[in-house]
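Observations on chain architecture
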Amino acid sequence: MKNFLEVNNLNVAFPTEDGLVRATNEVSFSVARGETLAVVGESGSGKSVSSLAVMGLHNRKTAQITGSAILNLESGPVDVISADEEVVRRMRGKEMAMIFQDPMSALHPYYSIGDQLSEAWRLYNEGSKADGIKRATEMLDLVGIPNAAKRVTEFPHQFSGGMRQRVMIAMALINNPSLLIADEPTTALDVTVQAQILKLIRDLQIEFNMAVILITHDLGVVAEVADRVNVMYAGRIVEQAKIDDAFYSPDHPYTIGLLQSIPRVGKQQRLHAIPGQPPSLINLPEGCSFRARCEYSNQVSGNLCATKMPALQEKIAGHLSRCHLEESQLKKAREAVK
Ligand code: SF4
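Conventions we followed
Residues numbered from 1 in each chain as written. Predicted model: local features only at pLDDT ≥ 70, side-chain atom pairs only at ≥ 80, totals over all residues. Heavy atoms only, no water. Near = heavy atom within 4 Å. 1 Å grid on protein atoms, 1.4 Å probe; cavity = no way out; pocket = protein on both sides within 12 Å on 5 of 7 lines; lining within 4 Å. Sits in = over half its atoms within 2 Å of the grid points. Nonpolar A, V, L, I, M, F, W, Y, C, P; charged D, E, K, R; others polar. Domains from an automatic or database assignment. Contact = heavy atoms within 4.5 Å. Buried area = accessible area lost by both parts, 1.4 Å probe. Salt bridge = Lys/Arg side-chain N within 4 Å of Asp/Glu carboxyl O. Polar contact = N/O pair within 3.5 Å; in protein donor to acceptor, adjacent residues only side chain to side chain. Helix = DSSP H or I, 4+ residues; strand = E, 2+ residues; numbered from the N terminus.

Next up on the list: the site of the ligand. Around the ligand lies a shell of 13 residues, among which Cys288, Cys294, Cys305, Cys323 and His324 are the nearest. For the ligand, the cavity whose grid points lie within 2 Å of the majority of its atoms is the largest cavity. Here the shell around the ligand is built from residues that sort into nine nonpolar, three polar and one charged.

This is the structure:
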């Protein structure tokens, strides 16, 4: 499977009055068409910042961005980070699209749903407004909005939260993008609607053969829909693995902590919360960024966790992690999630 997106050594930093915020550091990953990559982490872990960089949505005058994010288009590769901003603007909505947590903020309250979808389609397609409305109606139908021909004339406030998120998915997919980035798309929705929206994204991914990046803080969501996962902490990827490997053989104490916090059906357990807070991205500590919260750091000899940032190492094919623990120590640590 050829990768549609290849991100290499992406660093995004923002100068502030208090100092340079290093939002992502040395982030590298890829995603192929037909594949769903989940990106998991707490607020401030860098998961949204790296995706916004892939979409070319950071202000280049204020953000300091290095590295590359290459889209392998049919016409040839384009690096979003170094390409002309106009080129990137034209690719957005056509080759790559994004849906956000709060659809209300992305929809204009004064225009009908049909007008907004139609305009998104006409940006990249020759056609009359009537053609655009026809396409909008087809898309509403595709994303499971009943009575689409009528609803296309309605306004955002006439839709429920779940239906608005379906509209946003229709808007994102109206020009058949090859890459869809969904940033916490179900967080604002109740559990039943969450499941429906995740299934919808999955079904549409298969239909359109898209590469999907799903950003979430919820490992439960990851288990349902993703093929692979990047676990991010303090701006870095700390573990990268296929879903089964991440769930059944996690290689990083942070992933283990996240897994311990998921309720399991049929198992009596006390849910675990990882103590403490992530470090400031302005003053990252020396050594491992997770050390202050890690219950295993004392098992690593030579004070290594405090002095040396572990490298992201591939221990088995496709499974990378950033931790100084030996395999025998990790084996014991994994017992916590059995
Ligand atoms: Fe914990 Fe040390 Fe591994 Fe960091 S390197 S996760 S502090 S054991």
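So, next bit.
Take the domain arrangement of the chain next. By a widely used convention, the size of an interface equals the accessible area lost when the partners come together. For the chain, the assigned domains read domain 1 (3-226) and domain 2 (232-337). If you look at the interface, domain 1 gives 27 residues, while domain 2 gives 19 residues. Together, the buried faces of domain 1 and domain 2 total about 1,800 Å²; carbon and sulfur atoms form 60% of this surface. On the domain 1 side of the contact with domain 2, Asn25, Glu42 and Leu219 bury the most area, a combined 30% of that side's loss. Ionic pairing is found between Arg293 and Glu42, a salt bridge with its closest N-O pair at 3.1 Å. Between domain 1 and domain 2 we count seven residue pairs in polar contact (both at pLDDT 80 or more) in total. Put simply, the parts of the chain that give the side of domain 1 that touches domain 2 at least two residues each are strand S2 (19-32), strand S3 (36-40), helix H1 (47-54) and helix H9 (219-225). With 11 residues, the top contributor of residues to the side of domain 1 that touches domain 2 is S2. Partitioning the side of domain 1 that touches domain 2 into residue classes produces 11 nonpolar, 11 polar and five charged.

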